[in-house]
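What the coordinates show
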Amino acid sequence: MTINKYLSSDEIRDSFLNYFVKKKHITHPSSSLIPANDPTLLLTNSGMAQFKSYFSGESKPPKPRITTSQKCFRSTDIDEVGDNTHLTLFEMLGNFSFGDYFKEEACKWGLELLINEFGLEENRIFATVHSDDSEAKKIWLNLGMPEHKIFSFDDNWWGPAGLEGPCGPCSELHYYTGDLLPNDYKSASKNKSWGPNVSDEFLELYNLVFTQFYHHLDGRKTELPKKNIDTGMGLERLTSVIQQVDSCYDTDLFTEIIEKIENLSGIQWKKSKSSDKAIIIIAEHVRSATFLIGDGVIPENTGRGYILRRIIRRAMRYGMTLKIKAPFMGLIAEEVIRKMGHHYSELIENKPFILKVLEVEETKFSSTLQQGNTLLKTLIKDRNLIQEKFDQINKNLIKIISKENFKDKELFDLFEKSKIGPESLISNLINKAIDLEKHIAKEKNDQLKLLIKNITKLNWKNNISGFEVAYLYDTLGFPAEVTSEIAEESNLKIDLDEFNNIMEKLKLRAKSSSQFKGDLSLQRLFEEMGISETTFQGHNNLKTDSLVIGILKNDKPTKKANSGDEIKIILNQTPFYPEGGGQV
Ligand code: GLY
């Protein structure tokens, strides 16, 4: 594979923009990663996102031709980051026509740009088109592309970005990196597993969208008033092709960032597969976090803030595997800002804020990470032991719940006595789960039976249960994704369904507790005392005779009380209406 010239990533970005300026486009700055006025989109995910209203005709663009380098974030790929190809944050180079030029110019310029400006071998450039788009196919043929290098697909379609917006059929340019010679392409193309989209030897570089439709929130598609062009080409991938390296992490976009991680960890890039994975995750996530914070996103438990929190925490956890001393992210973020700040000036303007937010989040999560990590490692080490304990008690458990009117206390005691998990953690977690179930379930005993039956069936040896994942998350703030990754390193799976189930129940309880101020430990105490409920008489009488059916002293049951003692009494019936704050 030969490329006619070496270009730095800065030169590639500039060349792209300048090429389209020569074609009468104006350059437009990247918009923020936080989409303006678009509630259907969490983070800007494409070059066209900031131009939706120009495409739809709602507002008028400053010029009908615009070109940009847009920062984009795609959160669907967070867990994939760590290999050679995935990124969450990338720069999208794009040229746009709002009711001006259409397919013919877009295709012609796209091909010319790749060959003449970027020096790619024409032989290696292939195209895909939408199966119904004979017009696009004809254009490629006219531009000299042989028919066997044009592949048709039903799903060559792009958009909308978010739940509604412009969209249309697309045509992509792919780059072939394999060893076949052009003379062999024709016969190779007869093989269904060779070609763009189906074999790894082809890299999708440039996506040309022929934006003709508007996809509405209700699923309807209508024709746009004018035909438009929306294109996207990821700078990172293009740079890796032009610089002839294996991945975007080997391009100059990441050189200084990775060098910084090498310095901090004392571990060299390309030394081992596992340390490379950690280096990639740290490099990529700190870069994304720097951009997100630069645009005003701060770590939170929902929405964009949660995405930011997730990537910061994931990077920290991999920092720990490389034994990098926290807080370290600010030091890497400074490299990101040095490398990218000249094009994205908000990084320089907001540098103190970016560094502060990273430091605060890192410091906050640091002890949690240590604590959670140590606990999880112990839980992983103890899998066989935990399974053995369950094997021992499962018969008793089934016996208890097969009784018509079993006492919860028997269950509680059994778990407590069995001391399952490090410092009985699992026993305690299951007892908490029983409490939770009783608090929110309607058919209390049936639900409890189901819960216990499920527990007896769990494969504790090969799985980390939902109870453990929920504890790590809810009590220690240790994200489920991190638990899953650590578990996977020991070939264990986490029970995500049960985790989600428990989180739902915790939410329900939080809701009902805030309404009723229920106190679980008190409720359990009443049950142990054999007290079920106090009958309300106030609808009919404001006076009733009652029996004292329980006495509590310091919240412990007692049989008698002496004059002057401060106690609580429980009555079998009462006309008092239990209102928050108490009745006068
Ligand atoms: N809007 C075109 C793309 O993102 O590929």
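Attention here is on the structure that accompanies the text. (Residues numbered from 1 in each chain as written. Predicted model: local features only at pLDDT ≥ 70, side-chain atom pairs only at ≥ 80, totals over all residues. Heavy atoms only, no water.)

1. So, the sheet that holds strand S14 (residues 556–558)
Spatially, S14-S13-S15 is the arrangement adopted by the three strands of the open sheet, whose pairing is antiparallel. The open sheet terminates on both sides in strands that have one partner only, identified here as S14 and strand S15 (568–571). Here the average twist between neighbouring strands, direction ignored, is 40°. Across four bridges, strand S13 (residues 548–553) lies against S15 in antiparallel orientation. Note on S15: the bridge partner recorded for Gly 550 is Ile 570. (Pairing = 2+ DSSP bridges. Helix = DSSP H or I, 4+ residues; strand = E, 2+ residues; numbered from the N terminus. Axes fitted to C-alpha atoms, helices over the stretch in contact; angles between N-to-C directions.)

2. Concerning the pairing of S13
Here S13 pairs with S14 via three bridges, running antiparallel. Looking across to S14, one finds that Leu 552 is bridged to Pro 557. Once S13 ends, the chain turns through two residues before running back antiparallel as S14, passing Asn 554 with a positive phi of about 50°.

3. A word on the site of the ligand
Taken together, Ser 46, Met 48, Arg 74, Met 92, Trp 158, Asn 207, Val 209 and Asp 230 make up the full set of residues adjacent to the ligand. Between the ligand and Asn 207 there is a distance of 3.0 Å, counted from an oxygen atom to a side-chain nitrogen or oxygen. A distance of 2.9 Å separates a nitrogen atom of the ligand from a polar atom in the side chain of Asp 230. When isolated, the ligand has an accessible area of 200 Å², and the protein chains bury 96% of it. Residues belonging to the shell around the ligand are distributed by class as follows: four nonpolar, two polar and two charged. (Near = heavy atom within 4 Å. Polar contact = N/O pair within 3.5 Å; in protein donor to acceptor, adjacent residues only side chain to side chain. Areas by Shrake-Rupley, 256 points an atom, 1.4 Å probe, with all protein chains shown as cover. Nonpolar A, V, L, I, M, F, W, Y, C, P; charged D, E, K, R; others polar.)

4. Regarding the nonpolar core
Ranked by internal contacts, the top residues of the largest apolar core, which has 135 residues, are Leu 114, Phe 118, Trp 140, Tyr 206, Met 233 and Phe 390. Counting residues per element, this core draws most heavily on helix H8 (residues 273–294), at 11 residues. By size, the runner-up hydrophobic cluster in this structure holds 11 residues, among which are Phe 51, Phe 55, Ile 66 and Trp 158. (Core = buried A, V, L, I, M, F, W, Y, C linked by side-chain atoms within 4.5 Å. Buried < 20%, exposed > 50% of the residue type's maximum accessible area, 1.4 Å probe, protein only.)

5. Description of helix H13 (residues 383–402)
Compared with an ideal rise of 1.5 Å per residue, which puts 20 residues at 28 Å, H13 spans 28 Å between its outermost C-alpha atoms and is within 8% of the ideal. Taken as a whole, H13 carries its principal kink of about 40° at Ile 393. Restricting attention to buried positions, one finds in H13 the residues Arg 383, Ile 386, Gln 387, Phe 390, Ile 393, Asn 394, Leu 397, Ile 400 and Ile 401. (Expected span 1.5 Å × (residues − 1). Bend = angle between axes of the 7 residues up to and from the residue.)

6. Quick look at a nonpolar patch on the surface
Taken together, the side chains of Val 548, Ile 567 and Ile 569 make up a nonpolar region of the molecular surface, amounting to roughly 240 Å² of accessible area. Examined against the element boundaries, Ile 567 turns out to sit in the loop between S14 and S15. (Patch = residues over 30% accessible without salt bridge, like charges linked within 9 Å, V, L, I, M, F, W, Y side chains within 5 Å. Salt bridge = Lys/Arg side-chain N within 4 Å of Asp/Glu carboxyl O.)

7. Observations regarding the packing of aromatic side chains
Tallied over the full model, the rule gives 27 aromatic pairs. Each ring, one from Phe 126 and one from Phe 202, has its centre 4.9 Å from the other, and the planes form 85°; the classification is edge-to-face. Residue Phe 126 is found in strand S4 (residues 125–130), and its partner Phe 202 is found in strand S8 (residues 202–215); the two are separated by 76 residues along the sequence. Considered together, Phe 126 and Phe 202 belong to a single accessibility category, that of buried residues. (Phe/Tyr/Trp six-rings, centres within 6.5 Å; stacked < 30°, edge-to-face > 60°.)

Purely spatial values, then, with no claim about function.
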